[in-house]
Amino acid sequence: MNYYIPKVEPGLKTKKGLYFYEPSELTKKLYFYVMWGGEYIVDAPYSIRRDYMDSFLVFYIKRGSMQFHYLDQSFVASKGDIVLLDCKEKNNYSVTEEAEFQFIHFAGKGIQDLYNEIYQRNGALYRLPSHKNNIPTILSLLASDQEIDFNISLEIYQLLGNLLESTRSTFESRDANMTKIPPEIQAAVTYINENFSSKITIEKLSEISNLSTSHFCRTFKKYMGTSPYQYLLNYRLIQAKNLLVQTNLSVEQISEDCGFYGIGHFIKAFSKSTGGMTPGKFRKLCF
């Protein structure tokens, strides 16, 4: 018997499932995996309250609405909404009228960090286009009663990735739609791209953007998805990789040409970006 599932659930009218899945130990070690899921039609006084459960939980509201209390917050999810919870935190959900929803309990190595990033950006409540909401697909896989460890892992990863991507600015294609980025940020980006080999300071970029330093940093990250410093570093590293592959320039010269203030700084930054590979080893790879 699963002690996480109440023996009696007042207000539960009909259900499809529960669909349980038992992943292998290797799957638990390597993949994301589903523990169980189902589809419920409920009415008042349906209510579930949990203090702790070692899983993550996602809902898709198909009809009606549900009330949630989670991390000292209260909110309502309506038709079309998706709710993502970490059940290791206290949570309570209930209805005051008839509602229909799908839900999946899942876990896996690496999910915590991904969840933390998603929640930090936008909390627990989301909405996705129908073609990006693959909760129904995951339930169909569960209902098939087949060994589908890898397929389910891919679907969970895609779902969480879609939720994460939905938190980005509406400027989804920054490079192809530069005109949508405010002119003051465009000016800073252009300056970085054209002067990356020189010393560039936040103060200089703020001056170019005609914004205070703090306002510039916040606005830059909002539209570019990263800090000005990280954008500059990434741009320099990309140029350095191109020079390593396409020229015979020395590592020292490439370091200088790409704006790094010393060979030691360049090697350290480069190795960090490549998982420990030095510029010299990178150059010897076959591309």
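Look up a bit, the structure's there.
From a predicted model like this one, the values you see are computed outputs, not experimental measurements.

Asks: Got a minute to help me understand helix H8 (residues 228-246) in this structure?
Replies: The α-helix advances 3.6 residues per turn, and as a result positions three or four apart in sequence lie on the same side. Across its 19 residues, H8 extends 27 Å between first and last C-alpha, which sits within 8% of the 27 Å expected from 1.5 Å per residue. All buried positions along H8 are accounted for by Pro228, Tyr231, Leu232, Leu233, Arg236, Leu237, Gln239, Ala240 and Leu244. In this fold, the buried residues of H8 make contact with helix H5 (183-195), helix H6 (202-209), helix H7 (213-224), helix H9 (251-257), helix H10 (263-273) and helix H11 (279-284).

Asks: Any chance you could explain the environment of Ser74 here in plain terms?
Replies: With respect to the element layout, Ser74 can be found in strand E6 (residues 73-78). Through-space distance from the C-alpha of Ser74 to that of Tyr93 is 9.6 Å; in sequence the pair is 19 residues apart. Filtering out sequence-adjacent residues up to four positions away, Ser74 remains in contact with Phe68 and His69.

Asks: Quick question: what am I supposed to make of the layout of surface pockets here?
Replies: Taken as a whole, the second largest pocket spans an internal volume of roughly 290 Å³. For the second largest pocket, the lining is made up of 14 residues, of which Ile200, Tyr229, Leu232, Arg236 and Tyr261 are closest to its centre. The element that contributes the greatest number of residues to the lining of the second largest pocket is H8, accounting for five residues. Each residue belonging to the lining of the second largest pocket can be placed in one class, and the counts come to nine nonpolar, three polar and two charged.

Asks: Mind showing me how you'd approach the pattern of salt bridges here?
Replies: Side chains that carry opposite charge are capable of pairing whenever their charged atoms lie near each other. In total, this model carries 10 salt bridges according to the counting rule given. Residue Glu39 is joined to Lys62 by a salt bridge in which the shortest nitrogen-to-oxygen separation is 3.1 Å. Taken together, the residues span a long stretch of sequence, with Glu39 in strand E2 (residues 32-42) and Lys62 in strand E4 (residues 56-63) at a distance of 23 residues. Look at Glu39 and you get buried, because its relative accessible area is 10%. Residue classification places Lys62 among the partly exposed positions, given a relative accessible area of 31%. Across the pair Glu117 and Arg121 runs a salt bridge whose closest N-O atoms are separated by 2.9 Å. Here the residue Glu117 and the residue Arg121 both occupy positions in helix H2 (residues 111-122), the gap between them amounting to four residues, near one helical turn. Given the relative accessible area of 31%, Glu117 is considered partly exposed. Judged by relative accessible area, Arg121 falls into the partly exposed class, the value being 38%.

Asks: Whenever I open this one, H5 confuses me. Can you help?
Replies: Over its 13 residues, H5 extends 18 Å from the first C-alpha to the last, a length consistent with the 18 Å expected when each residue adds 1.5 Å. Among the residues of H5, Ile185, Ala188, Val189 and Ile192 are the ones counted as buried. The buried residues of H5 all sit within an arc of 95 degrees when viewed along its axis, so they share a single face. Exposed residues lying more than 90 degrees from the buried face of H5 are Pro183 and Glu194. Where H5 is buried, its residues meet H6, H7 and H8.

Here is what the cut-offs are and how they apply
- Within every chain, residues take consecutive numbers counted from 1 along the sequence as written.
- Owing to the predicted nature of the model, reporting of local features is limited to residues with pLDDT of at least 70; listing and counting of side-chain atom pairs is limited to 80 or more, with chain, interface and lining totals taken over all residues.
- Water and hydrogen atoms were dropped before computing side-chain values, which therefore reflect all heavy atoms in the structure.
- Numbering goes from the N terminus for both helices and strands, where a helix is a DSSP run of H or I of at least four residues and a strand is a run of E of at least two.
- The span you would expect from a helix comes to 1.5 Å times its residue count less one.
- Using a 1.4 Å probe on the protein chains alone, a residue whose accessible area is under 20% of its type maximum counts as buried, one over 50% counts as exposed, and one in between counts as partly exposed.
- Residues count as neighbours in contact if any of their non-hydrogen atoms are within 4.5 Å of one another.
- Grid points spaced at 1 Å and placed over the protein atoms alone form the basis of the search, with a cavity being a set where a 1.4 Å probe fits but cannot get out and a pocket an open set showing protein on both sides within 12 Å along at least five of seven lines. Lining residues have an atom within 4 Å of a point.
- Grid points are joined across faces, edges and corners, and a volume is the space filled by probe spheres set on the points.
- Polar here means any residue outside two lists: the nonpolar Ala, Val, Leu, Ile, Met, Phe, Trp, Tyr, Cys and Pro, and the charged Asp, Glu, Lys and Arg; Gly therefore counts as polar.
- Whenever a carboxyl oxygen of Asp or Glu lies within 4 Å of a side-chain nitrogen of Lys or Arg, that contact is scored as a salt bridge.
- What the arc measures is the spread of directions leading from the helix axis to the C-beta atoms.

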